[in-house]
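Structural description and commentary
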Amino acid sequence: MSSVPPGLRAKRRRSALRTLGFLSPWLIGLCVFFLYPLVSTVYFSFMKYDGFTAPTWVGLKNWAYVFQDNPFFWPALRNTLWLVLVMVSLRVLFGLGIGLLITKIKTGAGVFRTLFYLPYLAPPVAATMAFVFLLNPGTGPTNTILEKVGLDPPQWFNDAAWSKPSLTILALWGIGDLMVIFMASLLDVPKEQYEAAELDGAGAWQRFRFVTLPSISPIVLFAVVTGVIATMQYYTEPLVAAKVASGVIGGSGQQFEPGYPEKSTLTVPQVVYNLGFQRFDTGAACVVALVLFALAMVFTAFLMRRRSGFMSAED
């Protein structure tokens, strides 16, 4: 029976301690900012807790209330899923399209790049308020122009059927972040591959499909995954748009219907805030937060398992 020499055992121990020392900042951050909040959220989801008195065990009552009795949860979930499917897809397509367009411009590319990127720097609250005023059905210049050209303008943020498309237009206006990311990846595609494809008689679509897309597929996957996670946390823009469109911009004592109009701008993070910080129902808020976390994990896991659709075989 062979035994490990004491010197080798001590060397392995020192190596393990050294590795643990390098990993300790990440491990501490993981425990403090992820594992502890996650375990606490699961714990409080089975408790009646208002943030002031001691929590008491209620079992599955919070879960039953959220899924059966809360009037905002299911509309918020449907709206959030709609935004994930539509807004994320359009943002990726538009970001890639604008990136392709600017990389093909020979003169003035810097000017166009700046013009497309500047809207992304606008504060979310200010940008949303400006958009709501521009799309105001009564006084906004957008509908005035549409009427002058003979079109029947929509009600935009005042119409339940148009509120989410209006938020999508706002998101596409601030497409500068994805544009810059896609531009960097497009400029990194080897020119030799384009030249070889042209010699083989490939057209523009064939070059994009068989050269450009496989080369930038990891960036596309990154944009989709981060877009899904960000849209799952979509809070500021729909809340501000609903308040401004309904006429409730600020001040105490004003009545405001969440998700105006007709709950069409309600998102899951708004429900979490409403339950946890307005109704002081921490248990129900934790239930909704766990549902949101689970959905984000499911979407991310699905996209990562389907990464072969984004990434080339050699990746």
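Structure shown above.
Small disclaimer: the values here were computed from a predicted structure and weren't measured. (Residues numbered from 1 in each chain as written. Predicted model: local features only at pLDDT ≥ 70, side-chain atom pairs only at ≥ 80, totals over all residues. Heavy atoms only, no water.)

A look at the packing of aromatic side chains
Threshold: In this analysis, rings of Phe, Tyr and Trp, with Trp reduced to its six-membered ring, are considered paired at centre separations within 6.5 Å, and the interplanar angle assigns stacked below 30 degrees, edge-to-face beyond 60, and tilted for intermediate values. Only Lys NZ and Arg CZ are tested; either one counts as a charge over a ring when it is within 6 Å of the ring centre and within 35 degrees of the ring normal.
Enumeration according to the criterion identifies 16 aromatic pairs in this entry. On the numbers, 5.7 Å between centres and 45° between planes, the contact of Tyr117 with Tyr120 is tilted. Taken together, the ring pairs in this structure connect Phe46, Trp57, Trp63, Phe67, Phe73 and Trp74 into an aromatic cluster. Note that Lys104 overlies the ring of Tyr194, its terminal NZ or CZ placed 5.7 Å from the centroid. A cation over a ring is seen here: Lys164 above Trp82, with NZ or CZ 5.8 Å from the ring centre.

Things to note about a positive patch on the surface
The test is simple: Like charges are joined within 9 Å and nonpolar side chains (Val, Leu, Ile, Met, Phe, Trp, Tyr) within 5 Å, but only among residues with over 30% relative accessible area and no salt bridge; these make up the patches. Per-residue and other accessible areas follow the Shrake-Rupley method at a 1.4 Å probe size, with only the shown protein chains counted as cover for residues. Note on definitions: salt bridges are taken to be side-chain nitrogens of Lys or Arg within 4 Å of carboxyl oxygens of Asp or Glu. In this tally Asp and Glu are treated as negative and Lys and Arg as positive; neither His nor the chain ends contributes. Each charge is placed at NZ for Lys, CZ for Arg, CG for Asp and CD for Glu. Strands are runs of DSSP state E lasting at least 2 residues, helices are runs of H or I lasting at least 4, and numbering of each runs from the N terminus. Burial classes: relative accessible area under 20% of the type maximum marks a residue as buried, over 50% as exposed, and values in between as partly exposed (1.4 Å probe, protein chains only).
A surface patch of positive charge is lined by Arg9, Lys11, Arg13, Arg14 and Arg18. As for its position among the elements, Lys11 is in helix H1 (residues 6-44). Assessed through its relative accessible area of 55%, Lys11 is described here as exposed.

Remarks on the side chain of Glu237
Rule in force here: It only takes one pair of heavy atoms within 4.5 Å for two residues to be counted as in contact.
By secondary structure assignment, the location of Glu237 is in helix H11 (residues 236-246). One buried charged side chain, Glu237, makes no salt bridge at all; its nearest oppositely charged neighbour is Arg91, positioned 8.5 Å away. The residues contacting Glu237, other than those within four sequence positions of it, are Pro124, Thr128, Leu167 and Leu170.

Quick look at unusual backbone geometry
Of the consecutive residues Tyr260 and Pro261, the connecting peptide bond is found in the cis state with omega at -5°. Along the chain, the position of Pro261 falls in the loop between H11 and helix H12 (268-278). Residues other than glycine seldom take positive phi values, yet Lys263 does so here, at roughly 65°.

Comments concerning the packing of helix H10 (residues 204-232) against helix H13 (residues 282-305)
So the rule is basically this: Lines fitted to the C-alpha atoms define the axes, with helices restricted to the stretch that makes contact. Angles between their N-to-C directions range from 0 to 180 degrees. Each angle is binned into one of four classes, with values under 35 degrees roughly parallel, values over 145 roughly antiparallel, values of 65 to 115 roughly perpendicular, and all other values oblique.
Running from amino to carboxyl end, H10 crosses H13 at an angle of 170°, the nearest separation of the two axes being 10 Å. Our classification of the angle between H10 and H13 gives roughly antiparallel. For the pair formed by H10 and H13, the contact residues are Leu221, Val224, Val225, Val228, Ile229 and Met232 on the first element and Leu292, Leu295, Ala296, Phe299, Thr300, Leu303 and Met304 on the second.

Quick look at the pattern of salt bridges
Enumeration over the complete set of coordinates arrives at 1 salt bridge. One salt bridge in this structure joins Asp177 and Arg91, with 3.1 Å as the shortest N-O distance. One end of the pair, Asp177, is in helix H8 (residues 176-187); the other, Arg91, is in helix H3 (residues 73-104), and 86 residues separate them in sequence. The class for Arg91 is buried, based on a relative accessible area of 17%.

Re the state of the cysteines
Heads up, the condition is: Disulfide: a pair of cysteine sulfur atoms within 2.5 Å of each other.
What the rule picks out here adds up to 0 disulfides. Not engaged in a disulfide, the cysteine Cys31 finds its nearest cysteine sulfur in Cys286; these two sulfurs lie 19 Å apart. With relative accessibility at 40%, the residue Cys31 sits in the partly exposed group. Looking at Cys286, the relative accessible area reads 10%, which means it is buried.

Focus on the nonpolar core
The test is simple: Residues grouped as a nonpolar core are buried Ala, Val, Leu, Ile, Met, Phe, Trp, Tyr and Cys residues, joined through side-chain atoms within 4.5 Å.
In terms of nonpolar packing, the biggest core is built from 44 residues, with Val92, Phe182, Val228, Val271 and Val288 touching the most fellow members. Put simply, the parts of the chain that give this core at least two residues each are H3, H8, helix H9 (191-199), H10, H12 and H13. A total of 10 residues in this core trace back to one element, the largest contributor, which is H10. If we ignore the near neighbours within four places in the chain, the residues touching Val228 are Val84, Val88, Phe299 and Leu303. Core analysis: the second largest hydrophobic core is formed by 15 residues, Met87, Val132, Leu135 and Val244 among them.

Considerations on the packing of H12 against H13
Let me state the cut-off plainly: Left-handed is the label given to a crossing in which the near helix is rotated counterclockwise from the far helix by less than a right angle, and right-handed is the label when the rotation is clockwise. For this scheme, ten residues count as nonpolar: Ala, Val, Leu, Ile, Met, Phe, Trp, Tyr, Cys and Pro. Four count as charged, namely Asp, Glu, Lys and Arg, and the remainder, Gly too, count as polar.
Running from N to C, H12 and H13 cross one another at 165°; their axes reach a closest spacing of 7 Å. With respect to each other, H12 and H13 are oriented roughly antiparallel. Crossing handedness for the pair H12 and H13: left-handed. Where H12 abuts H13, its residues Val268, Pro269, Val271, Val272, Leu275 and Gly276 lie against Thr282, Ala284, Ala285, Val288, Ala289 and Leu292. Class assignment for the residues of the contact of H12 with H13 results in 10 nonpolar, 2 polar and no charged.

Some remarks on the environment of Cys31
Relative to the assigned elements, Cys31 resides in helix H1. Each residue touching Cys31, except ones within four places of it in the same chain, is listed here: Tyr36 and Pro37.

Here's the deal with the side chain of Asn274
What counts, and what does not: Polar contact is defined as a pair of N or O atoms within 3.5 Å, subject to the rule that within protein one atom must be able to donate a hydrogen and the other to accept it, and that residues adjacent in sequence are counted only when both atoms are side-chain atoms.
Here Asn274 shows up in helix H12. Judged by relative accessible area, Asn274 falls into the buried class, the value being 13%. At 2.8 Å, the side chain of Asn274 and the side chain of Gln278 are in polar contact.

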